[in-house]
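Secondary and tertiary structure notes
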Amino acid sequence: MTAPTPVVREHALGLAPQELPAYLYDLSALAAHAAAVRAALPPQVELYYAAKANPEPEILTALGPHVDGYEVSSGGELAHVAKAVTGRPLAFGGPGKTPDEITAALELGVERFHVESAYELGMLAALAARVVPHARVGVLLRFNLDLNAASLAGSSLAMGGRPTPFGIDPGEADSVVARFTDGSLPQLRLLGVHAHLASGLDAPRQLAVAESIVTWSQALARRHGIRLAEVNVGGGMSVDYARPGALFDWAAYGDGLAGLCAAHPELTLRIEPGRSLTAYCGWYATEVLDVKQSHGEEFAVVRGGTHHLRTPAAKGHDQPCTVLPTREPWPHPWPRSEALQDRVTFAGQLCTPKDVLSRQVPVAGLRAGDRVVFAMAGAYAWNISHHDFLMHPGPGFHFL
Ligand SMILES: Cc1ncc(COP(=O)(O)O)c(C=O)c1O
């Protein structure tokens, strides 16, 4: 999964140095991957894409035929996604929604609100009464479920199962649901439960989490004599940057979800992955500017850095990469710098030791001017980076 696809490889070698760095997205590879994910899931499971992973309009559009909708987590994402993929179902989640954001979502006719607190529920009800007085707005209550520690073990980012600002505490579940059954929220329709508890779980753990969420939701519904039509078990399917070939086991997860659907035929199950859909379709291509020794180790400084591709710094991993020796002869009158050792650490142009993309990469023979293509850069990459630090030029974007 780390070697660039042929179209990405050709493009990376064909760009002039001044056109680097550049994000290269293989949209055919993305569509094929999304189609395979969809095919692994039972029909009763809806697939939403968490736009926060990569909201580029071309990415949202390429995913269009393979997803049932999009999850957005801010007013900005809401406006952007509604414009990029007009008319597609949206679920509006995220903590700290403002009155202005909720009003905009109501005006846009957003199908589902993932409500994060009792306070937010009251705000949504009051705004709905004013903005869409004749509608009943669809609500999924997001809960921070108390799963046992083992089910979230191994996650790279836990958002639930412990104190966090996300979702409603399970201790408040009964009082919040009672507001729907005692007639005090006539503007809202309780569709179901939402729980995104962790990112980075493998298929068996994701399945165990999904089963727990469904069981808990059904018990909640029984206690209140109501039917919950939908359960959204979130995203967070694992993407392993240290083992790029170890893909999330969609077939096993799909089989497990099929069992869950069979046990609850009245339920629409929904998942909302981000990273596992788009991480593999993006590459950050750049060139080696200089190769140098430092205290016995060797560093290659590349054009760009973690202000464009913050993922390795944010997650503390080495970004998988491939070196493509340049086809061009060395164009300068000064001598070319080159690696003398077998292993080189790739660093960017920022004035901070944290600007490291990949450590101790075996790239004997690396030379200035060679291209380096960092893989798995299609999710939480450009859009989570601190672009303006040091005022270097921004990267190009190519959708292939
Ligand atoms: C509510 C919610 N849903 C879905 C996702 C997507 O998670 P991932 O990209 O790990 O699949 C996130 C990520 O933070 C999230 O907060």
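Keep in mind that this is a model prediction, so the values were computed, not measured. (Residues numbered from 1 in each chain as written. Predicted model: local features only at pLDDT ≥ 70, side-chain atom pairs only at ≥ 80, totals over all residues.)

Looking at the overall build of the protein
Which entries qualify depends on this criterion: Numbering of helices and strands runs from the N terminus; a helix is a DSSP stretch of H or I covering at least four residues, while a strand is a stretch of E covering at least two. Buried means a residue has 20 or more other C-beta atoms within 10 Å of its own C-beta, exposed means 12 or fewer, and partly exposed covers the counts in between; C-beta atoms are placed from the backbone. Note on contacts: each residue gets a C-beta atom placed from the backbone, and two residues are in contact if those atoms are within 7 Å.
Per the secondary structure count, the protein includes twelve helices and 18 strands. Dimensions of the protein, computed from C-alpha atoms along their principal axes, come out at roughly 80 × 40 × 35 Å. Residues classed as buried in the protein amount to 46% of the 400 residues present. Nonlocal contacts in the protein, meaning residues at least 24 apart in sequence, comprise 76% of its contacts between residues at least 6 apart.

What about the site of the ligand?
Applied cut-off: Only the C-beta atom, placed from the backbone, is used; a residue is near a molecule or strand if that atom lies within 6 Å of it. The residue classification treats Ala, Val, Leu, Ile, Met, Phe, Trp, Tyr, Cys and Pro as nonpolar and Asp, Glu, Lys and Arg as charged. All others, Gly included, are polar.
Neighbouring the ligand are 16 residues; Ala50, Ser199, Gly235, Gly274 and Arg275 lie closest to it. Along the lines of polarity and charge, the residues of the shell around the ligand split into four nonpolar, eight polar and four charged.

Looking at the domain arrangement of the protein
Heads up, the condition is: How far each domain reaches was decided by an automatic or database domain assignment.
Structurally, the protein comprises domain 1 (89-273) and domain 2 (280-399). A C-alpha centroid distance of 39 Å is found between domain 1 and domain 2. Facing four residues of domain 1, the contacting portion of domain 2 comprises six residues. Among the residues forming the side of domain 1 that touches domain 2, the class breakdown is three nonpolar, one polar and no charged.

Focus: the sheet that holds strand E5 (residues 112-115)
Quick reminder of the rule: Only when DSSP finds a minimum of two bridges between them are two strands counted as paired. All axes are obtained by fitting lines to C-alpha atoms, using only the stretch in contact for helices, and the reported angles, taken between N-to-C directions, cover 0 to 180 degrees.
Read around the closed barrel, the eight strands follow the order E2-E3-E4-E5-E6-E8-E10-E11; overall the barrel is parallel. Taken pair by pair, the neighbouring strands of this sheet meet at an average axis angle of 30°, ignoring direction. Note that strand E8 (residues 188-194) and strand E10 (residues 230-232) share three bridges and pair parallel. Across the sheet, Val193 pairs through a bridge with Val231, a residue of E10.

Quick word on helix H5 (residues 99-108)
To keep it simple, the criterion reads: What the arc describes is the spread of directions from the helix axis to the C-beta atoms.
For H5, the complete set of buried residues consists of Ile102, Ala105 and Leu106. For H5, the angular spread of buried residues about the axis comes to 100°, placing them on one side. Every exposed residue of H5 that faces more than 90 degrees away from the buried side is listed here: Asp100 and Glu107. In the core, the buried residues of H5 are packed alongside helix H4 (75-84), strand E4 (90-92), helix H6 (118-131) and strand E6 (137-142). Just downstream of H5 lies Gly109, where phi reads positive at about 75°.

What about the environment of Asp318?
As for its position among the elements, Asp318 is in the loop between helix H12 (311-315) and strand E14 (321-324). Not counting the four nearest positions on each side in its chain, Asp318 is found in contact with Pro312, Ser358 and Arg359.

Digging into unusual backbone geometry
Residues other than glycine predominantly adopt negative phi, and peptide bonds predominantly adopt the trans conformation. For the peptide bond that leads from Leu20 to Pro21, omega is -5°, which places it in the cis range. Looking at the element boundaries, Pro21 is found in the loop between helix H1 (6-14) and strand E1 (22-25). Here His295, not a glycine, exhibits a phi torsion of approximately 50°, which is positive. Here His295 shows up in the loop between strand E12 (282-294) and strand E13 (297-302). Residue His295 is classed as exposed on the basis of its 4 C-beta neighbours within 10 Å. For Met391, which is not glycine, the phi dihedral falls at a positive 60°. Its location among the elements puts Met391 in the loop between strand E17 (371-374) and strand E18 (396-399).

Considerations on the environment of Phe143
Relative to the elements of secondary structure, Phe143 occurs in the loop between E6 and helix H7 (149-152). Placed 238 residues apart in sequence, Phe143 and Ala381 show a C-alpha to C-alpha distance of 28 Å. Dropping the residues within four chain positions of it, Phe143 is found in contact with Gly167, Ile168, Pro170, Ala173, Val193 and Ala195.

Let's talk about the packing of helix H9 (residues 203-224) against helix H10 (residues 250-263)
The cut-off we apply is this: By definition in this entry, angles of less than 35 degrees are roughly parallel, angles greater than 145 are roughly antiparallel, angles of 65 to 115 are roughly perpendicular, and the rest are oblique. Helix crossings fall into two classes, left-handed where the near helix is turned counterclockwise from the far one by less than a right angle and right-handed where it is turned clockwise.
At a minimum axis separation of 9 Å, H9 and H10 run at an interaxial angle of 20°. Our classification of the angle between H9 and H10 gives roughly parallel. Considering how the two elements wind past one another, H9 and H10 form a crossing that is right-handed. In contact with Ala203, Gln206, Leu207, Ala210, Glu211 and Val214 of H9, H10 contributes Ala252, Tyr253, Gly256, Leu257 and Leu260. Grouping the constituent residues of the contact of H9 with H10 by class yields eight nonpolar, two polar and one charged.

Here we look at the pairing of strand E15 (residues 343-347)
Pairing of E13 with E15, which is carried by three bridges, proceeds in the parallel orientation. Paired with Ala300 across the two strands is Phe346, which belongs to E15. Relative to strand E16 (residues 356-362), E15 runs antiparallel, the two sharing four bridges. The residue bridging Ala347 from the neighbouring strand is Val356, located in E16.

Concerning the packing of helix H8 (residues 173-181) against H9
Between H8 and H9, whose axes approach to 10 Å, the crossing angle comes to 50°. The angle between H8 and H9 places the two elements in the oblique class. H9 is crossed by H8, and the crossing has right-handed handedness. Here H8 contributes Ala173, Asp174, Val177, Ala178 and Thr181 to the contact with H9, which in turn contributes Leu220, Arg223 and His224. The class makeup of the residues in the contact of H8 with H9 is four nonpolar, two polar and two charged.

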